[in-house]
Amino acid sequence: IRSKINATISKTMPDGRSSSGNNNNGTATAAILSISGIFLSAGIITYRIHRLRRSRWLLEEDEAHGHETTHSVIDHFKSLILDPNTTVEEANKRRTSSYYLKMRESHSLSLVPGVGPHSKLVELRHRELDRILHHWKKGNQSHRTIVTMCDETTRKILADARRQILEPLQHSSEVETRGAWIPPLNIIPEEDMHVTIALPWWWHTIRKDNDELTQTMARRFRQTLLLEFHHPFQIELERIILLGGKVIVALWRCVGDRTTSTGQTIHDRHGENIDPMIRLREEIIRCFITESPDQRRQPLTYKHRMSDNDTSSDEIADMQHTIKRRTPGMGLTADGFIHTTLCRLPLECLSSQDIELEEIHRLCREVSATLNGHRMLIHQYRFLETMGEGGESNPCYKPLFDETIDAPLRHKVEIDGTVTESQSPNSGENANLQNLTIGPARNFLKEVSNTTSGEDGGIGREKEEKNDGNSALTELFQPPE
């Protein structure tokens, strides 16, 4: 049969080529196709591995980084232990080193894979909404937090920065969209932007004495501010990053006083005084988890309340206090973390198409370079209890309990008993004057401000006028009167 087939093939070939030659050509063609298939498969595998690597959030840096032999400026600061006596300079070195590492780690996630089919994408988005409102839908849980609200200037700056960072995504709030989707609950409203100070009580079931407990905790916090003299202080914007590849946050550092060799006082990030944020958080934790020597102040934590009900529970005894574990910068990291959450990206259901995050990272760096140095005064606190209707990062939306508490002002007592407010760089009019952006952030917002001298010949007050953006620069070069 084989010989008949070969003879038939030989007769039908127009150029008279032999069947053996045809077999050789067929073998060569098959070999080429096989090699091409191998290369194509290898290319597909390499692409998928690269795509997976770019879309994977690395909780730890590569092991190779831990064995680097190159010189590092921040290696020493990563191991600094912060305590209530840590100076502003030391605390800032620790927290800014941590910020830099968090930014570097966030760049490991540069791609968010698209989700398909569309029905699956919509289903995942509904699940995400259910997760965001998980505590709210239970209807019987709340948590308590202490925050300080951003001032109007800071809110405008951060809101505009967020808008520019998210602009390349062209996102929508519609669940059915095939493009980038960000639920409204994940974008913190401008009027609710804040800095988290402490979390005295994490999510818990509301009980009959809930209101009384909340008021007691608010009084405890007020007493902590007054008795320990936690005066107003300033924080300074360090950078804005896409934390963990999914949360846009503004990161802050503290500023303090230092004296030069010529006796001049400078107010900057290298302050020689005790870091006010570390001291404040440490004092809040101490006043909530310990009792006073005269036993008049009793602990106000979930652990102690559960221990009173069941003193034999080993599980409660081994539990770490929530206020220490959840308060930013005071848990396992203990890096003095100060942040303002701006937006959360739902990575599991962001879009039907692959989303590149490299441009988002770049815009974060550019905005940071523009706004670095902006200062904000912390002089008021809000003690809030919320049920989570505002989402994961907004306790200011429809709180069950809301009390604003002012920080105690600095006063000077004269020899005759006269008490006057001390005009230090951290309080009063001087603090408000220093609560301005250092750098071109005003032009960044296209704002216009005129300065007029006061009646007393001192520093004038700013007044904003409606005008076009071009006059902002021209007024800088006006000759003095």
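See the structure shown above.
Residues numbered from 1 in each chain as written. Predicted model: local features only at pLDDT ≥ 70, side-chain atom pairs only at ≥ 80, totals over all residues. Heavy atoms only, no water.

Let's shift gears to the sheet that holds strand S3 (residues 194–205). Overall, antiparallel pairing links the four strands, which are arranged S3-S2-S11-S12 in an open sheet. Edge strands, defined here as strands with exactly one partner in the open sheet, are S3 and strand S12 (401–406). Here the average twist between neighbouring strands, direction ignored, is 15 degrees. Direction of pairing for strand S11 (residues 380–386) relative to S12: antiparallel, over a ladder of six bridges. Directly across from phenylalanine 383, in S12, lies its bridge partner glutamate 403. Of the strands in this sheet, strand S2 (141–149), S3, S11 and S12 are in contact with helix H8 (residues 210–227), which crosses S12 at around 10 degrees. Packed onto the sheet, helix H9 (residues 276–289) meets S2, S3 and S11 and runs at close to 20 degrees relative to S3. (Pairing = 2+ DSSP bridges. Helix = DSSP H or I, 4+ residues; strand = E, 2+ residues; numbered from the N terminus. Axes fitted to C-alpha atoms, helices over the stretch in contact; angles between N-to-C directions. Contact = heavy atoms within 4.5 Å.)

What follows deals with the sheet that holds strand S8 (residues 339–344). Pairing within the open sheet is antiparallel, and its four strands lie in the order S8-S5-S4-S10. Each edge of the sheet is formed by a strand with only one pairing partner; in this case those strands are S8 and strand S10 (375–378). With direction set aside, neighbouring strand axes in the sheet form an average angle of 30 degrees. Taken together, the eight bridges between strand S4 (residues 233–243) and strand S5 (residues 247–254) define a ladder with antiparallel strand orientation. Looking at S5, one finds that leucine 242 is bridged to isoleucine 248.

This brings us to the side chain of glutamate 283. Examined against the element boundaries, glutamate 283 turns out to sit in helix H9. The exposure class of glutamate 283 is buried, given its relative accessible area of 13%. Within polar-contact distance, the side chain of glutamate 283 engages the side chain of arginine 286 at 3.0 Å. Discounting residues that sit within four places of it in the chain, glutamate 283 has contacts with Thr224, Glu228 and His230. (Buried < 20%, exposed > 50% of the residue type's maximum accessible area, 1.4 Å probe, protein only. Polar contact = N/O pair within 3.5 Å; in protein donor to acceptor, adjacent residues only side chain to side chain.)

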